[in-house]
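Below are the chains, spelled out letter by letter.
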Amino acid sequence: MRGRRQAVLAVSAFGMLGVLIPPLVMISGALVGLATLRNGVVQALVVSAGAVAVFAVASLFLNGLLGVGVKVALFVWLPVLMMCEVLRRTVSQPFTFVLAGALAIVGILGFHVVVGDTGLWWRNYWDEAIVSGLDRLGEQPPSANIHALMQVLDFMSLFMTGVVAAAVMFSALITVLIARWFHAVLDNPNGFGNEFRALKLDRRLPIVVAVSLALGLFANDLTNGFGWEVLCVAMVLYFFQGIAIVHGVVAQLGASVGWLVLLYLLLIVLWSPMAFALSLTGFVDTWLDIRERIGSKANQR
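Given the structure is predicted, the values throughout are model-derived calculations rather than measurements.

Peer 1: Explain the overall build of the chain to me, please; I cannot follow it from the model alone.
Peer 2: The secondary structure content of the chain amounts to 15 helices and zero strands. Its C-alpha atoms give the chain a radius of gyration of 21 Å, within 12% of the compact-globule value 19 Å for 301 residues. Overall, the C-alpha framework of the chain stretches about 65 × 55 × 35 Å when taken along its three principal axes. Counting every position in the chain, which comprises 301 residues, the buried fraction comes to 41%. Counted over contacts in the chain with a minimum sequence separation of 6, partners at least 24 positions apart contribute 71%. Put simply, the chain shows about 16,600 Å² of open surface, and 70% of that area lies on carbon and sulfur atoms. Computed over 18 positive and 15 negative side-chain charges, the inter-centroid distance for the chain is 17 Å.

Set out below in structure tokens:
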């Protein structure tokens, strides 16, 4: 992006294409993040406002685009802008990640305050969604299938707020990482890889994990599932640290990039067990210092 006008057009174009291909919304957010990292928050706000204005003009021809633009600005561009500004000032990916987790937890608390019984809210939401879906289908599935589905959804309702918060945070962090990669490509080609491979979260974070686990196990009814919801957020943070560990170990050993390709293929095919394994790896690295140990052995050879 050579200037502000090109930045506005690129951000708005990818934002609009995101209506058809949702992942492209992250590219639009990454471009806002790039503007923040290179030129600061004021210039990024100008680019974001210009992109919303483009959405407004386009809505004259395609009804509803202005609403889409406002939602993208509030829920994609603004959070990424904030985190990229923090990253620009602190030059610390770990601090930025922990801040994202803190914002997600604040969002969970806010939802609890506004809604009250979050489990009941989600159960009502599922009920309405199922009734609406059945009406559109025009036919009634076997009652046993509906009963089994409702049991699963009732269980998910206990921590669904955390799942949503963690998913939003996951998307935002991916977008921030893309923005940082863009930034490194332009100004420091090796900077992103070195930073990400060294990602290590605050050593005090396991205290949050321990307290959340205790709340989930022993005070779940009292806290309305809050402990499990915070654990969802923590698992995503440690997932990224697990990914960073694998990248770091491959680089330290001078191993083939094929190992990284295998990692991401396994994530696609076996998402749940692989994501859990990477989160657990990131968590135990707090004490094991896996990259430090392997790096020391590699240097002794």
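There's more to say after this.
Peer 1: Got a minute to help me understand the pattern of salt bridges in this structure?
Peer 2: When their charged atoms lie close together, side chains carrying opposite charge are able to pair. On inspection of all chains with the given rule, the structure shows nine salt bridges. In this structure, Arg-88 engages Glu-85 in a salt bridge whose closest nitrogen and oxygen atoms are separated by 3.1 Å. Of this pair, Arg-88 and Glu-85 both sit in helix α4 (residues 65–90), three residues apart, roughly one helical turn. Glu-85 gets classed as buried once you look at its relative accessible area, which sits at 9%.

Peer 1: Sorry if this is basic, but what is going on with the environment of Gly-116 here?
Peer 2: In this structure, Gly-116 sits in the loop between α5 (93–115) and α6 (118–137). Sequence separation of Gly-116 and Asn-224 is 108 residues, and the distance between their C-alpha atoms is 8.6 Å. In contact with Gly-116, other than residues within four places in its own chain, are Phe-111 and Asn-224.

Peer 1: Honestly, the environment of Met-235 in this entry has me stumped. Any pointers?
Peer 2: Among the structural elements, Met-235 can be located in helix α12 (residues 226–253). Taking C-alpha positions, Met-235 is 15 Å from Ala-214, a pair spaced 21 residues apart along the chain. Ignoring anything within four residues of it in the chain, the contact list for Met-235 reads Phe-276 and Ser-279.

Peer 1: Explain the packing of aromatic side chains to me, please; I cannot follow it from the model alone.
Peer 2: Each aromatic ring pair is summarised here by two numbers: the centre-to-centre distance and the angle between the ring planes. Applying the stated criterion across every chain yields a total of 19 aromatic pairs. Seen from their ring centres, Tyr-125 and Trp-126 are 5.4 Å apart, and the 70° between their planes marks the pair as edge-to-face. A ring pair is formed by Tyr-238 and Phe-283, whose centres lie 5.4 Å apart and whose planes are at 90°; its orientation type is edge-to-face. Taken as a pair, Tyr-238 in helix α12 and Phe-283 in helix α14 (residues 271–288) lie far apart in primary sequence, 45 residues in all. For Tyr-238, a relative accessible area of 3% puts it in the buried group. Residue Phe-283 is classed as partly exposed on the basis of its relative accessible area of 22%. Among the aromatic residues, those joined into a ring-pair cluster are Phe-97, Phe-170, Phe-239, Phe-240 and Trp-271.

Peer 1: Before we go on, may I ask you to explain the nonpolar core in this structure?
Peer 2: As a rule of thumb, soluble globular proteins bury nonpolar side chains together. Counting 64 residues, the largest nonpolar core has Trp-77, Phe-97, Met-169, Leu-173 and Phe-240 as the members making the most contacts within it. Looking at this core element by element, the count peaks at 13 residues for α12. Setting aside anything within four residues of it in sequence, one finds Leu-173 in contact with Met-83, Phe-97, Ala-100, Leu-237 and Phe-240. Judged by nonpolar contacts, the second largest core, of six residues, contains Trp-122, Trp-126, Met-150 and Leu-153.

Cut-offs and rules
Residues numbered from 1 in each chain as written. Predicted model: local features only at pLDDT ≥ 70, side-chain atom pairs only at ≥ 80, totals over all residues. Heavy atoms only, no water. Helix = DSSP H or I, 4+ residues; strand = E, 2+ residues; numbered from the N terminus. Rg over C-alpha atoms; globule rule 2.2 N^0.38 Å. Buried < 20%, exposed > 50% of the residue type's maximum accessible area, 1.4 Å probe, protein only. Contact = heavy atoms within 4.5 Å. Areas by Shrake-Rupley, 256 points an atom, 1.4 Å probe, with all protein chains shown as cover. Lys, Arg positive; Asp, Glu negative; His and termini not counted. Charge placed at Lys NZ, Arg CZ, Asp CG, Glu CD. Salt bridge = Lys/Arg side-chain N within 4 Å of Asp/Glu carboxyl O. Phe/Tyr/Trp six-rings, centres within 6.5 Å; stacked < 30°, edge-to-face > 60°. Core = buried A, V, L, I, M, F, W, Y, C linked by side-chain atoms within 4.5 Å.

Remember that the coordinates give geometry; whether it matters functionally is a separate question.
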